[in-house]
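# Commentary on secondary and tertiary structure
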Amino acid sequence: MFAVHLLAFHFTKLKEDQIKKVDRYLYHMRLSDDVLLDVMARFQAEMVKGLGKDTNPTATVKMLPSFVRSLPDGTEKGEFLAVDLGGSQFRAHQVKVFDDGKQSSQLESKFYPSPKEVIQGNGAELFDYIADCLVDFMETKNLKHKKLPLGFTFSFPCKQTKLDKGVLLSWTKHFKVRGVQDTDVVSSLRKALQKHKDIDLDVLALVNDTVGTMMTCGYDDPRCEVGVIIGTGTNACYMEEMRHIDLVEGDEGRMCINTEWGAFGDDGALDDLRTEFDRELDLGSLNPGKQLFEKMISGLYLGELVRLILLKMTKEGLLFNGKVSTALLTKGKIEMKHVSAMEKYKEGLSNTKEILTELNLFPSEEDCIAVQHVCTIVSFRSANLCAAALAAILTRLRENKKLLRMRTTVGIDGGLYKTHPQYAKRLHKVVRRLVPNCDVRFLLSVSGSGKGAAMVTAVAYRLAAQRNKIDAALAPFLLSLETLREVKNKMRTELEYGLKRETQASATVKMLPTYVCGTPDGTEKGKFLALDLGGTNFRVLLVKIRSGRRRSVQMYNKIFAIPLEIMQGTGEELFDHIVQCIADFLDYMGIKGARLPLGFTFSFPCRQASIDKGTLVGWTKGFKATDCEGEDVVDMLREAIRRRNEFDLDIVAVVNDTVGTMMTCGYEDPNCEIGLIAGTGSNVCYMEDMKNIEIVEGNEGKMCINTEWGGFGDNGCIDNIRTKYDKEVDEGSLNPGKQRYEKMTSGMYLGEIVRQILIDLTKQGLLFRGQISESLRKRGIFETKFLSQIESDRLALLQVRRILQQLGLDSTCDDSIIVKEVCGAVSKRAAQLCGAGLAAIVEKKREDRGVEHLQITVGVDGTLYKLHPHFSRVLQETVKELAPQCDVTFMLSEDGSGKGAALITAVAKRLHNVGQK
């Protein structure tokens, strides 16, 4: 018993001695966590360099865009072919993808040799060989009569400009085919296939094997957004935010980036970690100075590294009694399969003895222990370096998503990872240690390069079909210049109808006289009250105007809510509520006893008989109070003040908010003769020559006309541009058939148009996995402020997803892109239509003045114009395009409905006083 213990002790001591000897000898190959974190930081910097347009040319990690923009979503279906070139064998695959709710697929493959004369010959021969193998495969599977989409897995660095176009940058691994570098490999494959007249194949996608690995695993696990290959070669890919990819146009969504990380360190960035053995191996390779990271990691080189180390140790008398065999001197004699065999847990030592004996080295027990440890150090360093670069990718993904902690899946493939007994375990352990805030699942890919190419092709097929349907839904929102000119001309016709006595009654654009006959001249002064009713909030303001050198306007205001039951109750209740709010404000300001002049901004269509008489033509913007239409709103306000019997006011003017906007800007710029509101509602007013206003007596001077252009099209004149979505919104509104132009251009309705489109696209299975959520069914859920937020250029898709989640819409990244596109189409059309209407007015002004070129200012207000990221720009561009002889300045109004009402009151008082004198 004692002898057994002694023997065991002797063996353990022997093993320890040999391990220490090797550890000392290969000290530089053992990497601490601090070193790995440093490698991780270096790789992160290289990724940023590779993504930048200016820095990419000098970057070693090329970060190649793959033009794969979407992961599988489970709805892919069909039959696909794939060919796979890049490993030790060439493969052809037939992949069937079933849309059966189980995400199942079926793969049949055939392997073909990769003869040396083909993989180191010329390009034409290579592609002819691929085409011949493919034809043979189709014959075997009886597929020659079918037209099938083909995915081409090409596992070499390619610069892609489209999904089906890729120029070879350089050969790697043991490939060295002449005349292929710097040419499009898809085009070469198509030419070779065209020689076979009996088959009809459509090469849809060029796929890197790493991307294929990610896509295959992504089909099984939607969290998979990284692919890694550790086999003959090594590489990684991941889903990057488009906004970070300078090399590709567009900021929306994500794209898979093929890092080509094998070249990391080609610029010397890893020279401090490379050993003399790495340098010797590199010098003897097919591509010296290239793929230096790959040469420290991949299966093609690890056996050779081990051989070089053993050779040097033997020459120094540390192994095999210093006796070198011919086999040990021969390049390539130790392969990856030998390293794996020597590192096996139980039979590793006996395998080592057998392998070394075959190399005519006659090892002792000590030699076997030492050689086994050399293998461990070389393969462990490989796993460590791989883990550091992968940790850099995972950290970038987490930071892109702005998460403190991230759950994700890494799809992984490659002979070294799959067949080496310890590699996978070591890699997982180190990755988890380097990125403790990432919960990583490693998913082994099944035929990633073949099935993956088919998956990329299937996704491309699905996206193309989806794209066609989305384009069809949004096509009616794309208005040509010709169509916009037609809208402008029709608006001009309707403006004229509204001004003429005989057509005014039937005109849809009512062209209501406001009896505002002047703009501010700077002499206005005094205290004025203003009321502002036009939306869900009601304001009361005290405005102090000073004239002269210290000209200024001071305002004090209070906002009151108007409950829905009052908006849609009786007229008496509505005006009693307004007077209650005025009383509260007068108390608040301590001015209840003063009889101040008051301007009443009433932002609804009114027919005025004088400046202080306004008959409501019809409610808009969700108001529905009874017994108001056809009544004088000033009288209704006076009646309500009388009923309360607490205070009295001098109601000087009833004002439309659009007129108020023009007046506010007119106070700053005398050239301002047009007011535009683009907010909850949409409207325009402008100063018209009295001689053109047939419905008002007198031909001298000017008067402001409130166009009430929201009703444009109520006679059917723009039905040709109304979509089915516009009709649905109109039918579901409080005033069907009315305010049709407003319903296409104003903030109150744009969100609802978007909601209708989203419902339609969801029904077609193009959004939200085909599930219409309860929240999407709710009318009004999609407020226009969400359009402004979603379309913001500063907003990443992640934030768009958060907005949609707030609305109860669980969206994917692809859903978010589509929603953003829908919002863009709806708001762009609204701005263009608004611009076309405004172009009609500025052109009319130019012609009326009889000038070749008009300079004019438009005062603008409204949340849509002010807050939407693109509305104002598109509107201005449209006016410029449709009225090129008009130089239009747009001036933002400061509180047109409040300050404007006070200014109108002040101007009316000034003109009244002048008249009395």
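I will try to describe carefully the structure that is included in this document.

Conventions used here
- Along each chain, numbering runs from 1 in the same order as the chain's sequence is written.
- A pLDDT threshold of at least 70 governs which residues receive local features in this predicted model, and a stricter bar of 80 or more applies before side-chain atom pairs are shown or counted, although totals over entire chains, interfaces and linings include all residues.
- To get the side-chain values, take all heavy atoms of the structure and skip hydrogens and water.
- Should DSSP find at least two bridges between two strands, the strands are regarded as paired.
- Secondary structure is summarised from DSSP: a helix means a run of H or I of at least four residues, a strand means a run of E of at least two, and numbering begins at the N terminus for each.
- In what follows, residue pairs with any heavy atoms lying within 4.5 Å of each other are defined as contacts.
- Three labels apply to residues, based on accessible area from a 1.4 Å probe with only protein chains included: buried if under 20% of the type maximum, exposed if over 50%, partly exposed otherwise in between.
- Axis lines are fitted to C-alpha atoms, over the contacting stretch for helices. Their N-to-C directions set the angle, which ranges from 0 to 180 degrees.
- Note on aromatic contacts: the rings of Phe and Tyr and the six-membered ring of Trp form a pair at centre separations within 6.5 Å, being stacked when their planes are under 30 degrees apart, edge-to-face when over 60 apart, and tilted otherwise.
- Residue count minus one, scaled by 1.5 Å, sets the expected span of a helix.
- Salt bridge, as used here, is a side-chain nitrogen of Lys or Arg placed within 4 Å of a carboxyl oxygen of Asp or Glu.

## Re the sheet that holds strand E11 (residues 254-258)
- The mixed open sheet is built from six strands, whose spatial order is E1-E11-E10-E9-E12-E13. Here the strands that pair on one side only, and so sit at the sheet edges, are strand E1 (64-65) and strand E13 (438-444).

## Remarks on the side chain of Arg829
- Locating Arg829 in the fold gives a position in helix H28 (residues 813-849).
- Among all residues touching Arg829, those that are not within four sequence positions of it are Phe477, Leu479, Ile721, Thr723, Asp726, Met744 and Ile753.

## Quick look at the side chain of Asn656
- For Asn656, the location among the structural elements is in the loop between strand E21 (650-655) and helix H22 (657-668).
- For Asn656, a relative accessible area of 6% translates into the label buried.
- Setting aside residues no more than four positions away along its own chain, Asn656 makes contact with Thr601, Phe602, Ser603, Phe604, Asn683, Asn706 and Glu708.

## Some thoughts on the sheet that holds strand E15 (residues 526-533)
- Spatial ordering of the open sheet is given by E17-E16-E15-E18-E21, a layout of five strands whose pairing is mixed. A strand with exactly one partner marks an edge of an open sheet, and here the two such strands are strand E17 (552-561) and E21. Taking each pair of neighbouring strands and ignoring which way they run, the sheet shows an average axis angle of 20 degrees.
- In this structure, strand E16 (residues 537-546) lies alongside E17, joined through ten bridges in antiparallel fashion. Note on E17: the bridge partner recorded for Arg546 is Ser552.
- Most of the contacts of helix H21 (residues 633-644) go to E21, to which it runs at about 145 degrees, and overall it touches E15, strand E18 (597-602) and E21.
- Together, E16, E17, E18 and E21 form the strand contacts of H22, whose direction differs from that of E21 by roughly 100 degrees.

## Points about the packing of aromatic side chains
- Overall, the coordinates contain 26 aromatic pairs when judged by the stated rule.
- When the centroid spacing of 6.5 Å and the interplanar angle of 35 degrees are considered together, the rings of Tyr25 and Phe277 count as tilted. Placement of the pair is Tyr25 in helix H1 (residues 2-25) and Phe277 in helix H7 (residues 276-283), with a sequence separation of 252 residues.
- Among the aromatic residues, ring-to-ring pairing joins Phe152, Phe154, Phe156, Trp171 and Phe175 into one connected group.

## Thoughts on H22
- In this model H22 runs 17 Å from its N-terminal to its C-terminal C-alpha over twelve residues, within 8% of the 16 Å that 1.5 Å per residue would give.
- When you tally the buried positions in H22, you get eleven out of twelve residues, the bulk of the element.
- Of all the positions in H22, only Asp657, Thr658, Val659, Gly660, Thr661, Met662, Met663, Thr664, Cys665, Gly666 and Tyr667 are classed as buried.

## Observations concerning the pattern of salt bridges
- Under the counting rule described, the total for this entry stands at 62 salt bridges.
- The partner of Asp689 in a salt bridge is Lys691, and the shortest N-O contact between them spans 3.5 Å.
- Taking relative accessible area as the criterion, Lys691 reaches 53% and is therefore assigned exposed.
- One network of salt bridges, with partners in common, ties together Asp719, Arg722, Asp730, Arg740 and Lys743.

So far we have only geometry, and geometry alone does not tell us how the molecule works.
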